[in-house]
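# Coordinate analysis (summary)
If you want the building blocks of each chain, they are given just below.
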Amino acid sequence: MRHTLRSALLSLGALAAFAAVPAPAHAQQTADTRWLPWLGCWQPGEGMAATGKMMICVRPAAEAAGVDVATINDGKIVSQRTLVADGQTHELNQNGCTGWQRAAFSADGQRAYLRSDLTCSGGVHRTESAIMAMGSPTEWLDVQAVGMDGERVPRVVRYDLAPAERWPEGFALSPERAMAADEARVFAAAPLTLADVREASADVDRDALVAFLIERDQPFDLDAAKLESLASAGVPDQVIDVVVAVSFPNRFHIDRQAMRMALKPAPQPPTHYAERPY
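In this text, all values refer to a predicted model and were calculated from it rather than measured experimentally. (Residues numbered from 1 in each chain as written. Predicted model: local features only at pLDDT ≥ 70, side-chain atom pairs only at ≥ 80, totals over all residues. Heavy atoms only, no water.)

### Examining the packing of aromatic side chains
By convention here, two paired aromatic rings are described through the distance between centres and the angle between planes. Note the following rule: Two aromatic rings, drawn from Phe, Tyr or Trp (for Trp, its six-membered ring), form a pair once their centres lie within 6.5 Å of each other, and the interplanar angle then sorts them: stacked below 30 degrees, edge-to-face above 60, tilted otherwise. A run of H or I in DSSP becomes a helix once it reaches four residues, and a run of E becomes a strand once it reaches two; helices and strands are each numbered from the N terminus. Each residue gets one of three labels from its accessible area relative to the maximum for its type: buried under 20%, exposed over 50%, partly exposed in between, using a 1.4 Å probe on protein chains only. Remark: a charge is flagged as sitting over a ring if the NZ atom of Lys or the CZ atom of Arg is within 6 Å of the ring centre and within 35 degrees of the ring normal.
Applying the stated criterion to the full structure yields 5 aromatic pairs. Measuring from centroid to centroid gives 6.3 Å for W38 and F105, while their planes differ by 45°, and the two rings are tilted. With a gap of 67 residues between them, W38 in the loop between α2 (25-30) and β1 (40-44) and F105 in strand β6 (residues 97-105) connect regions that are remote in the sequence. Taken together, a centroid distance of 5.8 Å and an interplanar angle of 85° make the contact between W42 and W140 edge-to-face. In this pair, W42 sits in strand β1 while W140 sits in strand β9 (residues 139-148), placing the two residues 98 residues apart along the sequence. For W42, a relative accessible area of 0% translates into the label buried. Judged by its relative accessible area of 3%, W140 is buried. Members of the aromatic cluster, joined through ring pairs, are W35, W38 and F105. Stacked on the ring of F171, the Lys or Arg R59 has its end atom at 4.2 Å from the ring centre.

Right under this line is the structure:
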């Protein structure tokens, strides 16, 4: 039912909303409605470090069936890249680094999986595997596993939808498109399934998926057969461990900073002292 409703939304109201606002003609013709949840401007969430009045703004790309993702600081674009979720490798030149990037959507269109491979100044090799998802209808969850010279570090960034009056010209949404984006965010924030976990494990780095599941902190309905199914599908042990830990919070402690899990100490039975005559 969830997927049927979402398909109807994207094929009718959402598609109409994409065409309803002034935009470059090519962007109107090739707009990918799966990007709807991310359209607009986002500010670092609570606890996220930021400088100045930094925002990440997303709009349909003018020359591709994708989106332009721009970093805005004090109202000015300081960097921008285009994401096209076609599963193909695209050339990427960014911040003095050159290489390729690839993006693809999950089967239900609710998450975007990204990979990039870059060579930077000094011959430094940098890789990135990321998941773009909605943590809630007003929160963008961006989880990355960044590799540099053989070492990988998970990185989690949460963005909150910024007040519309702060959005720079060129990123504002018409009322029709804003409504469609709001509805699309609700669908994109729907609970994950174990099938989603299996799919993601084949498309993103293990460390990125572990960090994503910890941040989502969503329990799953588990039994031995379902866990065996994950293992048989090649889901990494570390990912299965997180699936179990988030599903049984009374049994496991999760260290979000270190991205580690541990069994909680078993509760100790109350101590009874025999009464002594005095």
